[in-house]
Structures are given as C-alpha cells and as structure tokens.
Amino acid sequence: MSFLSEAFWVLLLGSLLGLELIGKVPPTLHTPLMSGANAISGITMIAALTLIIKAGDNLPLLVMGSVSLGFALFNVVGGFLVTDRMLAMFSRKSIRK
Amino acid sequence: MNFFEILKFSIDLLAVFLLALGIKGLSKVRSAREANRLAAIAMTLAAVGVFVESLGASGIPFNSWFWIIAGSIVGTFLGAVVAKKVSMTAMPETVALFNGCGGMSSLLVALAVAIFPLSSSEEALNMDLVEKISIVISVFVGSITFTGSIVAMAKLQGWLATPAWMQSKIRHFINIGLGVVSLVSISSLLSVSDSGLLLLVISSALLGVGVTLPIGGADMPVVISLLNSYSGVAAAAAGFVVGSQLLIVAGAMVGAAGLILTQVMCNGMNRSLVSVLFGGALGATVATDSSGSGEYLNITSCSAEECALTLEAAERVVIVPGYGLAVAQAQHTLREVTRALEGSGIEVTYAIHPVAGRMPGHMNVLLAEADVPYEQLKEMDVANPEFPATDVVLVLGANDVVNPQAKNDPSSPLYGMPVLDVQEARTVFVIKRGMSAGYSGIKNDLFDLANTSMVFGDAKKVLGDLLVELKELGISGKN
C-alpha cells in the first residue's frame, strides 16, 4: 500500500506541475520546447537501467534492457543536443547585436 | 534508511527539482538554453541515483555493467550523430524519430518485465493487479507512440504517402476494430495471466499506424506533440512497473506539459484536437464542399524584375515566410535578399505567424539559422498594426495564414483563425508555385485583391532571380 499510494500522489502532483509549468509559451519556442520535453521523456532510461541491474544472469532480460537503454539514450542525448543546437541560434543573435 | 538510500533519495529530489526548472525555463527565450542544459544535468543525476541505490543494495554485477555500457555507447553515439548531422528543416521528423525511440524503450522495459518477472526481488514474485495494469499501459502506449512516431517521420520525410482508402470512412472501422482487439487482449492479460501479450503489442502497434497515417502533413506537428505527451505517459507507467517515483513524476510532468503544448499548437492553427485526430485531412473534405466558389477573378502576375523594381522604391518591407519557404529551404537566399535591401537603407522586418514553417516556432529557428537578427522577427500581434504603414509585403510560401477570409467571411471554414493582415499594405507580392489552394483547400481572397501580384515559381528560385535583379539595380548585399 505504501509505495502504491505514494506513487499515485506523485503521479497526480507531477501531472498538475506539468500542466502549470507551460502556461504561456512564445510561439518562437514551440519547436525547441517540444524537442526538449521529448528528450526528457527519454527518462525511461532509468527503468532500463534498473532492469539491467536487477536482471542477474538472465540473458534475454539483459539484452532487452540493453536495447531499451540504447533506444532511451538515443532519445535523450539526441534530443538535448538538437534542442541545444536550435537554442544556440537564438542566443547567438541576441549577443551579437 | 541507510546512507545510500538517503543519498539516492536526495539525488532524486534534486533531479526532479531541476527537471521542473528546466521545463519552466524552456518556455522563455532568455533562459531556454540554460534550461535545456539544466534538464540534461537532471537526467544525468537521475541515472547516477540508480547506480548509487544499487551500490548500496547488492552492488552491480559485472554482467550488468557490460550490458549497460554496450547499450549506452550505441544509443549515445547514434543520438549524437543524428543530432549533429540533421538539417534544421528536417526538425519535425527528427523529433518524431527521437520520440518513437523513447516509446520503444518503455515498451521494451514493460515487455521484458512481463515475459521475465523480476523474480530476484521478492515483491515482484507475485505480480499484483496494479503492476499488471502498469505493464499493460506501458505496452499499449509505448507501441502506439513508437509506430505512430515512425509513421509521422516517414510521412514528413515523404517516404510514405497516405493510401486512398485510409482517407475514407473505412479507416474509422479499422481503427475501432483494432481498439476493440486491444481491449480484448488487455482484459485477457488482466484476468488470465500471460495470454494476449503478443496480440496487444500487434494490435496497438497497428492502431498507432492507423491513427497517424491519414493525418495530413501540416497537422503532423500536433500529432508529434501529442505522441510526445504519450511517451511521457508511457514513462510514468514504466515507473510503476519498476517502482521508481522519479520516473513517475518525470513522466507525468512531460505527459501533462506535452498535452498543454499540443493544445497551444492547436489554438494557433485554429484546429481542435478532435478534428486533427479524427477528422482526417481538413483539405480533403472542405475542398469538395466549396469547390464551386473557388474561382479566381482578378489575378495579376508579374516577373521577378517588376517585383525588384517595386522593392527598390520601398521604404518599409515586411517578409511573411511560410511552409513553402521551409520546404524550398530558401531561408538563406531570403537572407541574402534582405541583406541587399537593408544595404540600401530599406527597413526590413519579418512577420511570423504562430504556426509558420513546418511546425509551430520552426520558422524562427530557420531564420535564426540564416542569421536573421532576432529583433527583426515580429510576432503576429506586433506585426499586424504595422501593415498599413508598409510599402511592400513579400509573402513567401504562406497561404492560409494571410487569407483575409478568416476575418471577413463568417461562412468560411477559416473564420476566426488569427491571420496576418497583409492586405493592409500598399503592395503585396505573393511568391508561390501555382494557384493551388493552401493546406485548408480554401480559395485565398488575398490573391484577387488589386494590390496583390503573384510571382510564380519555387521560392528559392524566385528569390535567386530577385537577388540578380536587385544587383542590376545597383542594390548589393555588401553592408
């Protein structure tokens, strides 16, 4: 009961926080924000890591965990880098003026 | 709680705090880049937390290290390469690809736990209903996210066209059928253990394809944003599966934030989420309804040379870039033209409609890439009052966002959509490949107005011609 009830509170509060965080976004930032939020959704890498660590000697489980980790990190690393590339273009302009 | 557990707990709290700050900061221009780094740091911390916890518990076996490192190297390397190589115009499909892989990751975790229960940990020995439900949600949402994103990417890349039967009503029956099959397999998974898993994977994967395939290219960003929100949900479900509160809170945050962003995008395009998802291509239905009134009566077309002459005589020029400019990848040529104009003392600004480009905000990124100063980009609310004092407006590959029908004609499907009032300017040049209708399939009244001239051709080519003509007039780009 304890983990579960806590988990549902966490779920509820996390969702409410997410709804509040993005209130007014200037249209300029829609694309970078989408890409950044997308990188964060690769947080499943935590699940993949946990899976591999708990897998023990179960080879299929290790392989699936590893592949899952690869997919997640592809999402995370690629997402953050590409967002940074986009945002770098904005900041470069405002400094140079 | 031992030391490691306390440490892991603190790391998790810090990671969530930084993630929230990151998402918040990403919605402001000034702080966006730092916020993105902050979020990246938070993710690293989250990973560190997992290692700390397991070091404190039973340690990490050598076997696990091997598979962790293998997966990390491949994923990180490929992600970095794609992020560096991809062109700015290809941003929508890149986000779709990344997103699909995130969904795939959640799907694999849930599948792995479903097939090989983590028998080493005692609490997982007897899989309870909640765990089953979270696995089912993770599999269902993960599959839809994966196939949906991949289809979205393929369509945006032009690798995949929508087959005609998918545009018809049949697709609703097919999708409902797939939904029913998914529900059946879910209920069998929940009641009778270990049956229906494969069926669920297949039916939800097909459902992802079936829902995404009929959606038109311009609506795709909304779908990607929605799928992004789904992958947050899938992550939160995976959090329930492996018992990680960090994962639950982060997944919930991204899921909710993605939903808001989707809504914001829909508002900018004057579309409801329901019509994007179930209405199919708006163009297909509207064009057949109102094709009778789609005749143009008073079209003036002119050459690049005439356009250049008018531009030379102007004092204030406003550029309205749109989807067509992004597709033609003409942002750099455009920048050369505007440099030439600025060089001879003409004031140039850009009026950016909220949904200009291939996805909302995309045009700002493209113009920034072409070195357009940020201060010259005017958002719609700022740009509109300035049109009456503008000599020349260049509309480049934009259509529906400059259609005066949205303001004047209550019977028009566009009515109520925020548009740029370019017709208020003295002269309007519309650079366009032909007279075809825009994404909405609706006739653009702007083209019929007396102060509008059409310059036919591919945006990049016309801009190139324009540059040559301007140089002949003695206006050069050296400034």
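Residues numbered from 1 in each chain as written. Chains lettered and ligands numbered in written order. Predicted model: local features only at pLDDT ≥ 70, side-chain atom pairs only at ≥ 80, totals over all residues. Heavy atoms only, no water.

Here we come to the overall build of chain A. Within chain A, the regular secondary structure consists of 4 helices and 0 strands. In chain A, the succession of helices and strands from N to C terminus is α-α-α-α. In summary, chain A has a C-alpha radius of gyration of 18 Å against a globular reference of 13 Å for 97 residues, an excess of more than 25%. Summarising its shape, the C-alpha atoms of chain A cover approximately 60 × 30 × 15 Å along the three principal directions. For chain A, with 97 residues in total, the buried portion stands at 62%. For chain A, the accessible surface area stands at approximately 3,600 Å², while carbon and sulfur atoms represent 71% of it. Charged side chains of chain A number 7 positive and 4 negative; the gap between the two group centres comes to 24 Å. (Helix = DSSP H or I, 4+ residues; strand = E, 2+ residues; numbered from the N terminus. Rg over C-alpha atoms; globule rule 2.2 N^0.38 Å. Buried < 20%, exposed > 50% of the residue type's maximum accessible area, 1.4 Å probe, protein only. Areas by Shrake-Rupley, 256 points an atom, 1.4 Å probe, with all protein chains shown as cover. Lys, Arg positive; Asp, Glu negative; His and termini not counted. Charge placed at Lys NZ, Arg CZ, Asp CG, Glu CD.)

All told, the structure shown has 5 aromatic pairs over all chains when counted by the stated rule. Ring centres 5.1 Å apart and planes at 65° place the aromatic pair Phe74(A) and Phe98(B) in the edge-to-face group. A residue pair is termed interchain when its members come from two chains, as with Phe74(A) in helix H4 (residues 59-96) and Phe98(B) in helix H4 (residues 91-115). Neither residue differs from the other here; Phe74(A) and Phe98(B) are each classed as buried. Consider the rings of Phe51(B) and Trp65(B), whose centres lie 5.3 Å apart with planes at 10°: the pair is stacked. Remark: Trp65(B) occurs in helix H3 (residues 62-85) and Phe51(B) occurs in helix H2 (residues 32-56); sequence separation between them is 14 residues. (Phe/Tyr/Trp six-rings, centres within 6.5 Å; stacked < 30°, edge-to-face > 60°.)

The strands that make up a sheet are held in pairs by hydrogen bonds between backbone atoms, and each pair lies either parallel or antiparallel. Residues and elements named next belong to chain B. The parallel open sheet is built from 6 strands, whose spatial order is S3-S2-S1-S4-S5-S6. Across the chains shown, the open sheet's two edge strands, defined by having one partner strand only, are strand S3 (377-379) and strand S6 (452-456). In this sheet, neighbouring strand axes are inclined to one another by 25° on average, regardless of whether the strands run parallel or antiparallel. Pairing between strand S2 (residues 347-352) and S3: 3 bridges, direction parallel. Within the sheet, the bridge partner assigned to Ala-351 lies in S3 and is Lys-378. (Pairing = 2+ DSSP bridges. Axes fitted to C-alpha atoms, helices over the stretch in contact; angles between N-to-C directions.)

Counting residues in each nonpolar core, the largest one holds 179 residues, and the members touching the most others are Met45(A), Val139(B), Val320(B), Phe387(B), Val393(B), Leu420(B) and Leu466(B). Examining the composition of this core, we find that 15 residues originate from one element, H4(A), more than from any other. Setting aside anything within four residues of it in sequence, one finds Leu420(B) in contact with Val320(B), Ala351(B), His353(B), Met380(B), Ala383(B), Asn384(B), Phe387(B), Val401(B) and Val402(B). (Core = buried A, V, L, I, M, F, W, Y, C linked by side-chain atoms within 4.5 Å. Contact = heavy atoms within 4.5 Å.)

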